[in-house]
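Fold and contact review
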Amino acid sequence: MTEHLNHFIAGTGVEASDGRRIALVNPVTEQVYGSCARGTAEDVDRAVAAAQRQLEHGAWRQLDGAQRGRLLVKLADLVERDTDVLADLDADAIGRSPLEPRRLDVPNAVANLRAAAGWANQLEGRTIPTGGYFGTKTLSYTVREPVGVVGAIVPWNSPLMITVWKLAALLAAGCTVVIKPSEETPQSALHLAALAQEAGFPDGVINVVTGYGAEVGRALCEHPHVAKISFTGSPEAGREIQRTAGVLFKHVALELGGKSPQIVFDDAPFDDALRGCTLGLFANQGQVCAAGSRILVQRGIAERFAAALAEAARAVKVGDPREPGVQMGPVAKKAQFDRVNRYIQLGIDQGATLLAGGVSTPERGWFVRPTIFANANNEMAIARDEIFGPVGTVITFDSEEEAVALANDSTYGLAATVWTTDLARAHRVAAAVKVGAVGVNCWSPLDANLPWGGVKTSGIGREGGFGGAMAYTEEKVITVLLPT
Ligand code: NAD
């Protein structure tokens, strides 16, 4: 199939202003299967102007929260209707099995849109008692107004779901948006924009400009009429976005990477912990921001647990995710393949014990073998850096204090999981770890009502939940003089 994808601006498909394009490559076959428009600053300008028009003068501005909510419900229904189409688009673009997005990403997107439909009508202000105005009474109240045009910059690992986290919340708040999907995965954002048009969103509320971060992403960050950048991606790009958008006084929300610890105590429910750690390591080929790639195991069970993890890794069937029985596809792109292999080699060179997997040299396709290292320490590159691939690093600890110290000895702070049957310890450790989300004997669920985000290098701000929608508003205070 050859795909020829264009921007979606003011309700219409548009080529790049200079006609240039980006090739789309299949990670299983390494063949080019289509292309998308390579956006320019001029394209961004056009999209922002369309979004600005709707925000200031369009039909969108006239809608109240309940009306925006009704549109969000319609969009949720259409996304649900197209579950298989959207799951296939995201899966094929990065060589993932469509079963994962069908079961997780798309239902999560639908749930976010439905939850946001309710939030749209609840963005209330406050009435605030004051001391009056030079002896005369006043009434002061606040209203929540949309922050403005949003630039939503999205990575490739879960394109639809992450786009909708931003979109649902910002639409609930009454904002308009220019979405910049990853250059590898523009398909689902474009389909989503078409569904929004079908749902009845006015043209120009949702625009999509495809292209590279250094071109389209940067132009969005520099654009004078973009009020907020909502970014999900790597810390490196996040840092640059802060430098560009921050100095222009834009709101900046950053959902960045992680090196999340899974803390397994001696008294953990062994099989549950093993299943949980395996899932946390290998779902989406390990290309998950909250991947539990640092597995801290208490000494009493460390050897047995590492051996069981290695066995689970060896049992994973790697191949074309469209073939029956295959559990893991390739990583998404050549750069990612090289990066993962580089880290595996570093793990070997720095003295960790390779229990399963290793450097991969497939004939064709960017396939990486699920890899487990044991006898590692927290100073090694495989324990410190986000690899973003199916690689787990097992580190042994003796005491609870040591486990917490190891967990917190990271530049990242996105998520953590605690596996124990000791209730008091579970709460102590959950309180002590410096992250945005903790799961106890489970993965912190991606639920539309829960906030999501990190601390330290894992980011700034939270998406999800009611607070996620409030983050797309400004609070304005109005004071009325009340002479008697
Ligand atoms: P990336 O930072 O390379 O790219 C993310 C997006 O930003 C892409 O659309 C890219 O084109 C754009 N971009 C890149 N440089 C830019 C710049 N200078 N200015 C503006 N835009 C720019 O990340 P990636 O490789 O696509 O995704 C992997 C990263 O995303 C990992 O670090 C992962 O942990 C993180 N991630 C975080 C979360 C979360 O919720 N915290 C979720 C998913 C992925």
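In this text, all values refer to a predicted model and were calculated from it rather than measured experimentally. (Residues numbered from 1 in each chain as written. Predicted model: local features only at pLDDT ≥ 70, side-chain atom pairs only at ≥ 80, totals over all residues. Heavy atoms only, no water.)

**Considerations on the sheet that holds strand S23 (residues 473-481)**
What counts here: Here, strands pair whenever DSSP counts at least two bridges between them. The helix count covers DSSP runs of H or I at least four residues long, the strand count covers runs of E at least two residues long, and both are numbered beginning at the N terminus.
Strand order in the open sheet made by the three strands is S6-S7-S23, with antiparallel pairing throughout. For this open sheet the edge positions go to strand S6 (127-128) and S23, each flanked by a neighbour on one side alone. With nine bridges connecting them, strand S7 (residues 138-146) and S23 associate as antiparallel partners. Residue pairing for S23: Thr142 is matched across the bridge by Val477.

**Thoughts on the sheet that holds strand S15 (residues 353-356)**
Applicable threshold: To get an axis, fit a line to the C-alpha atoms, keeping to the stretch in contact for a helix; angles then go from 0 to 180 degrees between the N-to-C directions.
The seven strands are arranged S15-S16-S17-S14-S13-S19-S20 in an open sheet whose pairing can be described as mixed. Across the chains shown, the open sheet's two edge strands, defined by having one partner strand only, are S15 and strand S20 (437-440). Here the average twist between neighbouring strands, direction ignored, is 20 degrees. Taken together, the five bridges between strand S14 (residues 294-298) and strand S17 (residues 391-397) define a ladder with parallel strand orientation. Bridged to Val297 within S17 is Thr396.

**Regarding the packing of aromatic side chains**
We count it as follows: Pairs were defined over the aromatic rings of Phe, Tyr and Trp, the Trp ring being its six-membered one, requiring ring centres within 6.5 Å. Orientation was assigned from the angle between planes: stacked under 30 degrees, edge-to-face over 60, tilted for the rest. Burial classes: relative accessible area under 20% of the type maximum marks a residue as buried, over 50% as exposed, and values in between as partly exposed (1.4 Å probe, protein chains only). Working rule: Lys NZ or Arg CZ, within 6 Å of ring centre, within 35 degrees of ring normal, means a charge sits over the ring.
Applying the stated criterion across every chain, the model contains five aromatic pairs. Residues Trp60 and Phe201 carry aromatic rings whose centres are separated by 5.7 Å and whose planes lie at 40 degrees to one another, so their mutual orientation is tilted. Of this pair, Trp60 sits in helix H2 (residues 59-62) while Phe201 is found in the loop between helix H7 (187-199) and strand S10 (206-208), placing the two residues 141 residues apart along the sequence. When its relative accessible area of 4% is taken as the criterion, Phe201 is described as buried. An angle of 75 degrees between the planes, with centres 5.3 Å apart, marks the rings of Phe265 and Phe397 as edge-to-face. Of this pair, Phe265 sits in the loop between strand S13 (261-264) and helix H10 (270-282) while Phe397 sits in strand S17, and the two are 132 residues apart along the sequence. The ring of Tyr472 is capped by Lys228, whose NZ or CZ atom sits 4.2 Å from the centre of that ring. Geometry around Phe270 places Arg304 over its ring, the cationic atom sitting 3.9 Å from the centre.

**Quick word on the pattern of salt bridges**
Heads up, the rule is: A carboxyl oxygen of Asp or Glu within 4 Å of a side-chain nitrogen of Lys or Arg is what we treat as a salt bridge.
Going through the model one piece at a time under the given rule, you end up with 28 salt bridges. The salt bridge partner of Arg20 is Asp18, with a shortest N-O separation of 3.2 Å. Of the charged contacts, one joins Glu463 and Lys166 as a salt bridge, the two residues approaching to 3.0 Å between their closest N and O atoms. Taken together, the residues span a long stretch of sequence, with Glu463 in the loop between strand S22 (459-460) and helix H16 (465-470) and Lys166 in helix H6 (residues 159-172) at a distance of 297 residues.

**Topic: the nonpolar core**
Stated formally: The definition of a nonpolar core used throughout is a set of buried Ala, Val, Leu, Ile, Met, Phe, Trp, Tyr and Cys residues joined through side-chain atoms within 4.5 Å. Throughout the structure description, domain borders are defined by an automatic or database domain assignment. Contacts are residue-level and defined by heavy atoms, with any inter-residue pair within 4.5 Å sufficient.
If you look at the biggest cluster of nonpolar residues, it comprises 65 residues, and the most contacted ones within it are Leu75, Val79, Leu171, Ile179, Phe201 and Ile206. When residues in this core are grouped by element, the largest group, 11 residues, is from H6. Formed jointly, this core draws a minimum of three residues from each of two domains, domain 1 (3-257 + 458-478) and domain 2 (261-443). Setting aside residues up to four positions removed in sequence, Phe201 forms contacts with Trp60, Leu71, Leu72, Leu75, Leu171, Ala196 and Ile206.

**Some thoughts on the domain arrangement of the chain**
Often the size quoted for an interface is simply the accessible area lost on bringing the parts together. Let me state the cut-off plainly: Defined in terms of a 1.4 Å probe, buried area is the accessible area two parts forfeit on being brought together, summed over both.
Partitioning the chain into structural domains gives domain 1 (3-257 + 458-478) and domain 2 (261-443). Between the C-alpha centres of domain 1 and domain 2 the distance comes to 31 Å. Residue-level contacts link 23 residues of domain 1 with 25 residues of domain 2. Broken down residue by residue, the surface that domain 1 buries against domain 2 is led by Val28, Trp156 and Ser458, which jointly contribute 28%. Where Lys333 meets Glu184, a salt bridge forms, and the shortest distance between an N and an O atom there is 3.3 Å.

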